[in-house]
Amino acid sequence: MMSRIEDGCIKCGTCQNACPVFRIENYPYFQGPRRIAVEAPRFSRELTSLSDSPHMCTSCALCESVCPSRLPITEAVLKMRTHYGIESEGGRRMISNINQYGRTIAPTSKFTSPVSGSTLFFPGCIGDARVPSAVQGAVDMLIALGDQVYIPNEWYCCGSPLEKIGAKSEVDRLQEMNSAILGTAERIVTACPGCTFQLQKNSNVDVLHVLEHLFEVITPSRLRWRSTNPINVALHSPCHLVRSVGPHTMDYAREILGSIAGVRVIDMDDEGCCGGGGGVTSTFPEMALKMARLRVESAIRAGAHMILAPCPFCVVNLRRVGDLEVKDLTAFLTELSLCR
Amino acid sequence: MSPPVVDVDIFIAGGGAAGLTLASRMASNGYRVAVASSSIAATAISTGRVLFNHDDPAVAEWASLFLTRFRSRESNYDLLERPTVAMTNIGTPLKQSLTNSSFDWTLEDRDVAVVGVIGNNDLDSDLACLELRRSLGICARPLWISPFPYPTAANNHFVGELADILKDNISENTIVLPPISSDPTYALLTKLQNLSGKRVVEAATPLSLPGLRFQLLLEDVAEEVGVRLLKDRRLISIKIHGKEANEAVLSSGMRTIIVKFSALVLATGNLASGGLAVNGRGVIDPLNIFRVSSTQASGIHSSTLRNALSSGLDTCKGRAITKQGVVIRNVIPIGSLLKGVSYPLGYGLGEVMLEAWKSAPIVEDAL
Ligand SMILES: Cc1cc2nc3c(=O)[nH]c(=O)nc-3n(C[C@H](O)[C@H](O)[C@H](O)COP(=O)(O)OP(=O)(O)OC[C@H]3O[C@@H](n4cnc5c(N)ncnc54)[C@H](O)[C@@H]3O)c2cc1C
């Protein structure tokens, strides 16, 4: 029997046209979403000819968002990864860190924060290790706004990066480890789109990206910003925020930035994926860098002084280019907040 | 936490040619209009070449809103006095009345080289030339060139290289290329024409950049006249009380949004864009509350395809009818969601836009 995805494909090729990896890595090295998700499993003898293709997907889900048949392409690509097992160096390193620390990266930060309350702020592995200022800033800002925010003493990876590399049993184990810790919160807030999506899937309480929390719970009228020297910012749309959590988040980001005197949000000529998702930063670092460079060049052409990204993964990957300052949107906002 | 609420006069589900046409007309009349869309519109995968019924007075009205704004974006769409015949990427003729005539491959072009780019599936030059000779008895020369870098504003130098290849290696006057830019100003083709001294044209190509160009232009105009675009937000349910709908639920990623409105326009398209679905026994409305039926249509041999394409929502005086037969006074289906519209493939844009334009009074009546 054929799956919905194999059966539902009308072969229009829209997914292949939309795929940001396919733009820079051509056939046969990378074969595109349709080959990986539909054709290879349909004609199973072709599975072997896919080579590295399934592992090169950044899981940006652009393919899926344009699919006229609305097929779950990303899920199918990830399934192909599971089929092949975890072969990459980066994947092995991630799993070894999980076994040792329960995190994808060894814990580094010590945050100043209450350890109990009602709103649990979930730092996330990348937030903790690579952009701690965003986490600390967000906690400070929310406390100043009267929120009962806390970071629990212990917490583990949400499981999202492991799901992307097809490590199903680790995902289940982490969910089990986190369940008692997260179960007591009234609401969970995070600055990471991957954590938001992954935790919300298994939670009965609201798990909000910090932009949603600011806009829907705190509400914009209570937010106060100091003005800055005029600055052009390019607002990068993180794939996992726009397409997993939801496109409303970027409307919130624009509206909040629009209310800060001195900040001008400029449009990039080409929206796209930074290359930082789906584990490719560790599996195919050069490809990830090439994709990041396209984004940074687009921002520079548009006259940006800085790129803002509401996702720690995007921040880390875009920073690797080095030609333009890249900041986590949450960190940027907390620096300008008059509520601290 | 309760979901956010969007409050408008007119809510349009579906942002293809039909939805955007009506939305723009209503917004420029001063109404508060929001348009939600999810996944790709058939409009964006069509060739973007439009055939109008020139006798319809709505053509001029449509043009006064859209064409002037296309022009102010330097996208040189022309509304032709009489339809011309364009050639498609598979060498078949296509009638059109709205397009960019300076860059179209038309039946008038003689002394033609069709240039495929290896690895680009949009133009198979051998196939196009074969079909051209077979069906129209016209000779053109098929050629292939190796791939060039993906054109962006950043790698301008590739235009010069390509122009040199065209100038030095091709004797024919007219050169057909696959679509290579999503830019509606055709700046790249203008440059290629200037640098190579050749007439460089594009075949009418579905499933590629030309449809996307047309879609983006329509979206741009809609936003300019005040339409609120809610992209990637899918209509998942409609609340109906008696003979009136007053609330819709949209999904936005993993969340939901409530929309309150006075009139609801359904412009969700036919099968290709997810407005209808096939369930094994026939075509159904995926929201599954309105009545779907099909009309007699001809011209397509496959009965499955014929059924699918000629199916659509039933209406009574422009209003939708529930499966139980209740006419809902403020739900107005338009575009290829209606039965018998946009049939057969290759035509539809013109009719869909004009009919959507003309449904404005029905919507106003429902407010
Ligand atoms: C491959 C192809 C080639 C074609 N070539 C031509 C051509 O050359 N010339 C021509 O005139 N016509 C052509 N057509 C036909 C033409 O494209 C259609 O007739 C026309 O685009 C229909 O417009 P529409 O607005 O009714 O629907 P669409 O353009 O399909 O728009 C439907 C919209 O509804 C959205 N939608 C669907 N379900 C939901 C939901 N639940 N919630 C929110 N939004 C939803 C979709 O995302 C989309 O935005 C072609 C069609 C195809 C498929």
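Everything numeric in this text was worked out from a predicted model, so none of it was measured.

*Asks:* Any details on the domain arrangement of chain A? Residues and values, ideally.
*Replies:* Residue and element names in this part refer to chain A. In terms of domain boundaries, chain A breaks down into domain 1 (2-83), domain 2 (119-218) and domain 3 (224-336). Facing the 4 residues of domain 1 at the interface are 4 residues of domain 2. Summing both partners gives a buried area of about 340 Å² for domain 1 against domain 2, and 57% of it is carried by carbon and sulfur. Among the residues of domain 1 in contact with domain 2, Leu78, Arg81 and Thr82 are the three that bury the most area, contributing 79% of the side total. In this structure, the connection of domain 1 to domain 2 is made through 0 salt bridges. In terms of residue class, the side of domain 1 that touches domain 2 is built from 1 nonpolar, 2 polar and 1 charged.

*Asks:* Any details on the interface of chain A and chain B? Residues and values, ideally.
*Replies:* Taken together, the contact between chain A and chain B spans 29 residues of the former and 22 residues of the latter. Interface area, chain A with chain B, both sides summed: about 2,000 Å², of which 56% is carbon and sulfur. Ranking the residues of chain A by area buried against chain B places A:Pro68, A:Arg70 and A:Pro247 at the top, with a combined share of 23%. Put simply, chain A and chain B have 2 salt bridges between them. Residue A:Glu212 pairs with B:Arg255 through a salt bridge whose shortest N-O separation is 2.6 Å. Where chain A meets chain B, there are 8 residue pairs in polar contact (both at pLDDT 80 or more). Of all the elements, helix H13 (residues 193-201) of chain A adds the most residues to the side of chain A that touches chain B, at 4 residues. Considering only residue class, the side of chain A that touches chain B consists of 11 nonpolar, 9 polar and 9 charged.

Parameters and conventions
Residues numbered from 1 in each chain as written. Chains lettered and ligands numbered in written order. Predicted model: local features only at pLDDT ≥ 70, side-chain atom pairs only at ≥ 80, totals over all residues. Heavy atoms only, no water. Domains from an automatic or database assignment. Contact = heavy atoms within 4.5 Å. Buried area = accessible area lost by both parts, 1.4 Å probe. Salt bridge = Lys/Arg side-chain N within 4 Å of Asp/Glu carboxyl O. Nonpolar A, V, L, I, M, F, W, Y, C, P; charged D, E, K, R; others polar. Polar contact = N/O pair within 3.5 Å; in protein donor to acceptor, adjacent residues only side chain to side chain. Helix = DSSP H or I, 4+ residues; strand = E, 2+ residues; numbered from the N terminus.

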